[in-house]
Structure formats: structure tokens, C-alpha cells
Amino acid sequence: MDFVKVISKGDLPAGSMKTFMVGNKPVAIANVDGEYFAVSDICTHEHCSLGTEGFLDGSVITCGCHGGQFDVTTGKVLALPPPADVSSYEVKVEGDDVLIKM
Ligand code: FES
């Protein structure tokens, strides 16, 4: 497992979230007040894209399909219906680069 550069800091303004492909895996990356977090992009309920169809409010992702919620800092479910947490990935910032451990 290595850190891979996925985006530059400027690619994701504070308060925003987006889906990026890391290798062949879609990852939702969020900028929460200048801190970056990464979780699996695929909702554990019916596999909607969290980064594309979801909404970020503070550190809470709300899935756009059925309103399930996850904590983007841990991947933990905060509100049903998702039956399981999403994977959470370690993130580090080096200069202008945001790297994710995959
Ligand atoms: S697919 Fe995300 S809550 Fe249903």
C-alpha cells in the first residue's frame, strides 16, 4: 500500500467533494475546512456514487439516492439505510499535492 498523488489542493475548494479514480477504484475526496478526507465512493446501500450524487455538509456526506449518511472522516454510517460503513483511506498533503494511501 503506497501513497498515490490524486489531486492538487486547488482542485477541491473547502466544503466540496468529488469523485476521483485512483487506479480502478472510485474514491470520494472531501475538503473539510482545508483538511482532506477520502472514502470509498460507492454507497453500501444501492451503490450510488457518493462524490457525484451525494452532498457534503461539514464532515457529513448525505447520499443523494436515499438519504443515508456517512462521516467522511471515518467512513462510518451515521444514518440508515446503508447497512455498512464505507472504507476510509489515509490522506496526506505534501506541498500542493494530496496523496491517498491505497
Ligand atoms: S444508495 Fe445510498 S442511501 Fe441508498
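Within every chain, residues take consecutive numbers counted from 1 along the sequence as written. Whole-chain, interface and lining totals are the exception, using all residues; otherwise, since this is a predicted model, local features are given only for residues with pLDDT of at least 70 and side-chain atom pairs are given and counted only at 80 or more. Side-chain metrics in this entry use all non-hydrogen atoms of the structure; hydrogen atoms and water are not considered.

Per an unreviewed UniProt entry, the protein chain goes by the name Rieske domain-containing protein. UniProt positions are given in the numbering used here, feature names are shortened, and annotations may be inferred rather than shown by experiment. Quoted verbatim from the Cofactor (unreviewed entry) heading of the UniProt record, the comment on the protein chain is "[2Fe-2S] cluster".

Asks: What am I meant to see in the state of the cysteines here?
Replies: Cysteine sulfur pairs qualify as disulfides if the two atoms are within 2.5 Å. Scanning the model with the defined rule gives one disulfide in all. Between the sulfur of Cys48 and that of Cys65 lies a disulfide, 1.9 Å long from S to S. Handedness of the Cys48-Cys65 disulfide follows from its S-S torsion of about -95 degrees: it is left-handed. One end of the pair, Cys48, is in the loop between strand S4 (35-40) and helix H1 (50-53); the other, Cys65, is in the loop between strand S6 (60-62) and strand S7 (69-71), and 17 residues separate them in sequence. Since its relative accessible area comes to 29%, Cys65 is described here as partly exposed. Think of it this way: any DSSP run of H or I at least four residues long counts as a helix, any run of E at least two long counts as a strand, and we number them from the N terminus. Here's how the labels work: a residue is buried when its accessible area is under 20% of the maximum for its type, exposed when over 50%, partly exposed in between, all with a 1.4 Å probe on protein chains only.

Asks: Just to check I follow, could you spell out the pairing of strand S11 (residues 97-101) for this structure?
Replies: In the case of a regular strand, side chains alternate between the two sheet surfaces. In the sheet, strand S1 (residues 3-8) pairs with S11 via five bridges, with the strands oriented antiparallel. Of the residues in S11, the one forming a bridge with Ile7 is Val98. The criterion for strand pairing is that DSSP finds at least two bridges linking the strands in question. Judged from the four bridges that link them, strand S10 (residues 91-94) and S11 form a sheet pairing that is antiparallel. For Glu94, the partnering residue across the bridge sits in S11 and is Asp97. Linking two consecutive strands that pair antiparallel, namely S10 and S11, is a turn of two residues; a positive phi of about 60 degrees is found at Gly95 within it.

Asks: I tried to follow the nonpolar core on my own but got confused; where do I start?
Replies: One broad rule of soluble globular proteins: the nonpolar side chains tend to lie buried together. Among buried residues, those of type Ala, Val, Leu, Ile, Met, Phe, Trp, Tyr and Cys that are joined through side-chain atoms within 4.5 Å constitute a nonpolar core. In this structure, Ala30, Val39, Leu50, Leu56, Ile61 and Val72 are the most contacted members of the largest nonpolar core, which totals 15 residues. With three residues, the top contributor of residues to this core is strand S3 (residues 25-32). Pairs of residues are marked as contacts when any of their non-hydrogen atoms sit within 4.5 Å. Setting aside residues up to four positions removed in sequence, Val72 forms contacts with Ala30, Val32, Phe37, Val39, Leu56, Ser59 and Ile61. Counting twelve residues, the second-largest nonpolar core is a separate cluster that includes Leu12, Val22, Val27 and Tyr89.

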